[in-house]
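# Structural features, examined
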Amino acid sequence: MNVPQWHTLPTLVLEQIFDFLDSRDRRNAANCCWAWRQHFFQRRYFRNFRFHIDVAEDDQLSFFHHSMSNLAKELVIVFDFHNVFHIQKMRGLLYKAARCDNIRALRFQTNNVGLVAPGNTHSELLVAIEQCFVEPLKMWLSRKNQPCQTLDLGAIEALTYYGHDFLKAMAKPQELLQLTLASIKYDPNHYPILELDTTLLQKCASLQLLSLDYDTLSDELLHTIQVLPLRKLLVVVHGLDRDEHAGVSDAAWANFSMHFTSIEVVLTLVYAYEAVELLVSRIVGDHMPVTHIRILFCEFMCHDAVDGMSIANSDTLRSIYYIDSGHNRGHHNSNYLSNIRGQDAFVMLAWRCKQLEEIVVHGHPMDPHNLLGIARLRSRQLRRVEVSQINWPNGEAQYAFNDEMYKLLGQRWTLLKYDQLPAALGDGPVYCEERDKFVYELLRRDLTL
């Protein structure tokens, strides 16, 4: 009996076979033999392909250089910003990407977003950052043929300070669709402020998603970006310093809101220990059209912040995350959410905010009666209610509470146990790296259009 010689099939026949298959079957067929696998690596089979590469994996690096560099449209690079060997590999990888016209989107992912305090950065370290990241990125951005569409700096503080240089280096800024310049600070109370030439942003005529640190915003910048087709604006707050940053006026936000009637505005507070108390008075005001608020690791529950948001953004707010580590719960008063009239801030938020879809609270105990009140108010539209701590009154029938919550919300209701929580939200001491990783994952998730 003759064994079929699949590798001898003519190229024309292979093309017809591969064109007939869907993407999954095409990948399986590529494992048939070497000839079929070589035929598989064609650009027409990899349209809009995103390739994830972990710099720690040498086989992935080799595979990218030999097979995928001319096929991927988007490159997601995972690396350790503290690992000198990773940084050395990044330089060659980025120069390779700069020479590949097909790569139009770059995203960085790293757990160590903060390198060292900016004021303590040695000149040798700055030279290394510029040689390994800034110079090849400028080369990639200056490409006129198939120019950049997405630049995501991965919330790496040291790289975001070059935001002005990156915008200036773009050969065709009008092709840019997504730009993320927001960061996670090494020291949220002391850091340089990125200043952007607003005319450079004005040239990004196709920009749909923009993320910035709050300190970069100004009345002029808000006015400038009104010419852009923005669908999502992400703002990250760290510290507040009137001497360094004047903030944004209510009038500027009012004009912004009138122009962008359906934009998503995601406001994230990260280690903003002072800013959380001034959230409404100094940041949101009366007209910032916040649709999603994330208050992350600010160490205490601020009733005024939640209550003020529900008043200022009653027509726009759709999602709220209030998250701290579990070990902080002993420092909170059990009446932290009640104002002088005994009203629970989250119940009032559910009552006022007609578009509310999502409530996530970790690190702060919730009252079961108030949770039931929230579920009854918004059971039809809530997509997710997730908590990890409930302040059970003595003799409370927990099974009755859970039964009614599931009747009202079904799988949209989640009560996480401590062993189900991420390491950053655990009951014991938490490393800064774990919290940074958790914050970064939330920031990255909000980048989805």
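One can find the structure itself at the top, above this paragraph.
What comes next is a walk through the structure.

Conventions we followed
Residues numbered from 1 in each chain as written. Predicted model: local features only at pLDDT ≥ 70, side-chain atom pairs only at ≥ 80, totals over all residues. Heavy atoms only, no water. Salt bridge = Lys/Arg side-chain N within 4 Å of Asp/Glu carboxyl O. Helix = DSSP H or I, 4+ residues; strand = E, 2+ residues; numbered from the N terminus. Buried < 20%, exposed > 50% of the residue type's maximum accessible area, 1.4 Å probe, protein only. Contact = heavy atoms within 4.5 Å. Polar contact = N/O pair within 3.5 Å; in protein donor to acceptor, adjacent residues only side chain to side chain. Core = buried A, V, L, I, M, F, W, Y, C linked by side-chain atoms within 4.5 Å. Phe/Tyr/Trp six-rings, centres within 6.5 Å; stacked < 30°, edge-to-face > 60°. 1 Å grid on protein atoms, 1.4 Å probe; cavity = no way out; pocket = protein on both sides within 12 Å on 5 of 7 lines; lining within 4 Å. Points joined across faces, edges and corners; volume = space filled by probe spheres on them. Axes fitted to C-alpha atoms, helices over the stretch in contact; angles between N-to-C directions. Parallel < 35°, antiparallel > 145°, perpendicular 65-115°, else oblique. Nonpolar A, V, L, I, M, F, W, Y, C, P; charged D, E, K, R; others polar.

### Topic: the pattern of salt bridges
Tallied over the entire structure, the rule returns 17 salt bridges. A salt bridge links K185 to D213, with the shortest nitrogen-to-oxygen separation between them at 3.0 Å. You can see K185 sitting in the loop between β5 (178–180) and α9 (198–202) and its partner D213 sitting in strand β6 (residues 209–213), a full 28 residues away along the chain. The class for K185 is buried, based on a relative accessible area of 5%. E404 is paired through a salt bridge with R376; the nearest N and O atoms lie 2.7 Å apart.

### A word on helix α14 (residues 345–352)
In terms of burial, α14 is a largely internal element, seven of the eight residues being buried. Here α14 has its buried residues at A345, F346, V347, M348, L349, A350 and R352. Those residues of α14 that are buried lie in contact with α13 (303–312), β10 (319–323), β11 (358–362) and α15 (368–378). Measuring from the backbone nitrogen of F346 back to the side-chain oxygen at the start of α14 gives 3.0 Å, which picks out D344 as the cap.

### A short note on the nonpolar core
Ranked by internal contacts, the top residues of the largest apolar core, which has 121 residues, are I77, F108 and L267. Per element, the largest residue contribution to this core is seven residues, and it comes from helix α6 (residues 123–141). Sequence-distant contacts of I77, defined by excluding residues within four places in its chain, comprise I53, V55, M90, L93, L94, L106, R107, F108 and Q109. Membership of the second largest hydrophobic core comes to 21 residues, among which are V270, L416, L442 and L443.

### With respect to the packing of aromatic side chains
On inspection of all chains with the given rule, the structure shows 14 aromatic pairs. Both rings, one in Y271 and one in F297, keep their centres 6.1 Å apart while their planes meet at 35 degrees; by these two values the pair is tilted. One end of the pair, Y271, is in the loop between β8 (264–270) and α12 (279–284); the other, F297, is in the loop between β9 (292–296) and α13, and 26 residues separate them in sequence. In this structure, Y271 and F297 share a single accessibility class: buried. Ring plane angle 85 degrees and centroid distance 5.2 Å describe the contact between W392 and F401, whose orientation is recorded as edge-to-face.

### A closer look at empty space enclosed by the protein
Enumeration according to the criterion identifies two cavities of 30 Å³ or more in this entry. When its volume is computed, the largest cavity comes out at roughly 120 Å³. As for the largest cavity, its lining consists of D152, G154, A155, T180, A182, S211, L234, V236, Y440, L443, R444 and L447. Sorting the residues of the lining of the largest cavity by element identifies β7 (232–237) and α17 (432–445) as the ones contributing at least two each.

### Considerations on the packing of α13 against α14
Two elements in contact, α13 and α14, have axes separated by 9 Å at closest approach and are oriented at 10 degrees. With respect to each other, α13 and α14 are oriented roughly parallel. Listed contacts from α14 to H303, V306, D307, S310 and I311 of α13 are A345, F346, M348, L349 and R352. For the contact of α13 with α14, the class distribution of residues is six nonpolar, two polar and two charged.

### Details of the layout of surface pockets
Empty space within the largest pocket amounts to approximately 410 Å³. Lining the largest pocket we find 23 residues, and of these R50, E74, R107, Q178 and L447 sit closest to its centre. If you list the elements that add at least two residues to the lining of the largest pocket, you get β1 (50–54), β2 (74–78), β3 (105–109), β4 (150–152) and α17. Classifying every residue of the lining of the largest pocket gives seven nonpolar, eight polar and eight charged.

### Description of unusual backbone geometry
Of note, Y271 is a non-glycine position whose phi angle comes to about 50 degrees, a positive value. Of note in this structure, F297 is not a glycine but carries a positive phi near 55 degrees. Overall, the relative accessible area of 1% leaves F297 in the buried class.

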